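# Secondary and tertiary structure notes
Read off the chains here:
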Amino acid sequence: MAPKWSPREWLRNYYTRIVNDSLQIAGDGDLGRSALIVSPHQDDETLGCGGTIIRKIDAGAEITLVFMTDGRQSHGHLIQVEELVAIRRSEALAAGRTLGLDNSRIFFLDFIDGSLIRFQNEATGRISAILNEVKPEEIYLPYAKEPPPDHYATNHIVLAALETSEYRAFIYEYPVWFWHHWPWVSISRGAYQATGSVLKNTMKSQGGLRLLWDFNYAVFVGDVLQRKQEALEQHQSQMTQLGSDPRW
């Protein structure tokens, strides 16, 4: 008996099949190349690149990780800013160690969360300095069409730094929030704010069709998913409820 799929399940499976048929999968030579991972916030690195970081470190690649903002906005209405910034820095270091990174390879630029674009010139200069210092063969940055402003700003700043430094490297964009649209997530009746966000992202991604032509390169991470999950669990302030306030 054939499975009875909903329209959402059918379309999601259809998209997945098309994408998988056209993907270029990273080989051993790719995995061994040094890389700079640029993350807007503490946890984007694990969500978007955690498996890739593990695979590359296992292949002997030197990985450098840069966090652009201080993460103060995630729960700033529930916890003192200074405490939250310290918590997220500690969590990021713990996640990095779990992924296999040494603390000396992790940089915090500490621009104000949610306001990165205001510091574009300074941020571009600091990224240029890091590029000239570590000289990575690859650079991973957030997908340019993702909705969060800091994600777009990070992409724009890294590309600007590359232009000013005349430094050359392979560039890969990784998705974090791109998946927050139908058919990848469901639409819930009654949850108007969440549903509005999903529908808005769906329209921006042209019904999910951007997946079919924007994403064409992948790293197989099926054998390291447990290690990625362990790294993600280090970001407790983002994964669990740390306080009793129901708004957490």
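Scroll up to find the structure this text is about.
Quick summary incoming for the structure in this document.

About the thresholds
- Residues numbered from 1 in each chain as written.
- Predicted model: local features only at pLDDT ≥ 70, side-chain atom pairs only at ≥ 80, totals over all residues.
- Heavy atoms only, no water.
- Axes fitted to C-alpha atoms, helices over the stretch in contact; angles between N-to-C directions.
- Helix = DSSP H or I, 4+ residues; strand = E, 2+ residues; numbered from the N terminus.
- Parallel < 35°, antiparallel > 145°, perpendicular 65-115°, else oblique.
- Left-handed = near helix turned anticlockwise from the far one by under 90°.
- Contact = heavy atoms within 4.5 Å.
- Buried < 20%, exposed > 50% of the residue type's maximum accessible area, 1.4 Å probe, protein only.
- Pairing = 2+ DSSP bridges.
- Right-handed = clockwise from strand over helix to strand, strands pointing away.

### Let's talk about the packing of helix 5 (residues 120-134) against helix 6 (residues 149-165)
Viewed as axis vectors pointing N to C, helix 5 and helix 6 meet at an angle of 60 degrees, and their least axial separation amounts to 8 Å. With respect to helix 6, the element helix 5 is oriented oblique. Of the two elements, helix 5 crosses helix 6, and the hand of that crossing is right-handed. Together, Gln120, Ala123, Thr124, Ile127, Ser128, Leu131 and Asn132 of helix 5 and His156, Ile157, Val158, Ala160, Ala161, Leu162, Thr164 and Ser165 of helix 6 make up the contact between the two elements.

### Remarks on the pairing of strand 3 (residues 63-69)
Burial of strand 3 is extensive: seven of the seven residues sit out of reach of the surface. By the bridge criterion, five bridges tie strand 2 (residues 35-39) to strand 3 in an arrangement that is parallel. Bridged to Ile37 within strand 3 is Leu65. Handedness of the crossover joining strand 2 and strand 3 through helix 3 (residues 44-58) is recorded here as right-handed. Two elements, strand 3 and strand 4 (residues 106-111), share four bridges in a ladder whose sense is parallel. The residue bridging Thr69 from the neighbouring strand is Phe111, located in strand 4.

### Remarks on the sheet that holds strand 3
Here five strands make up an open sheet; going across it, the order is 4-3-2-5-6 and the pairing parallel. Either end of the sheet is taken by a strand with one partner, and the two such strands are strand 4 and strand 6 (170-174). The mean inter-strand angle of the sheet, taken between neighbouring strand axes irrespective of direction, is 20 degrees. Pairing geometry for strand 2 and strand 5 (residues 138-142), over three bridges, is parallel. Bridging from a neighbouring strand, Leu36 pairs with Ile139 of strand 5. The strands touched by helix 6 within the sheet are strand 2, strand 3, strand 5 and strand 6, with strand 5 carrying the most contacts at an inclination of about 150 degrees.

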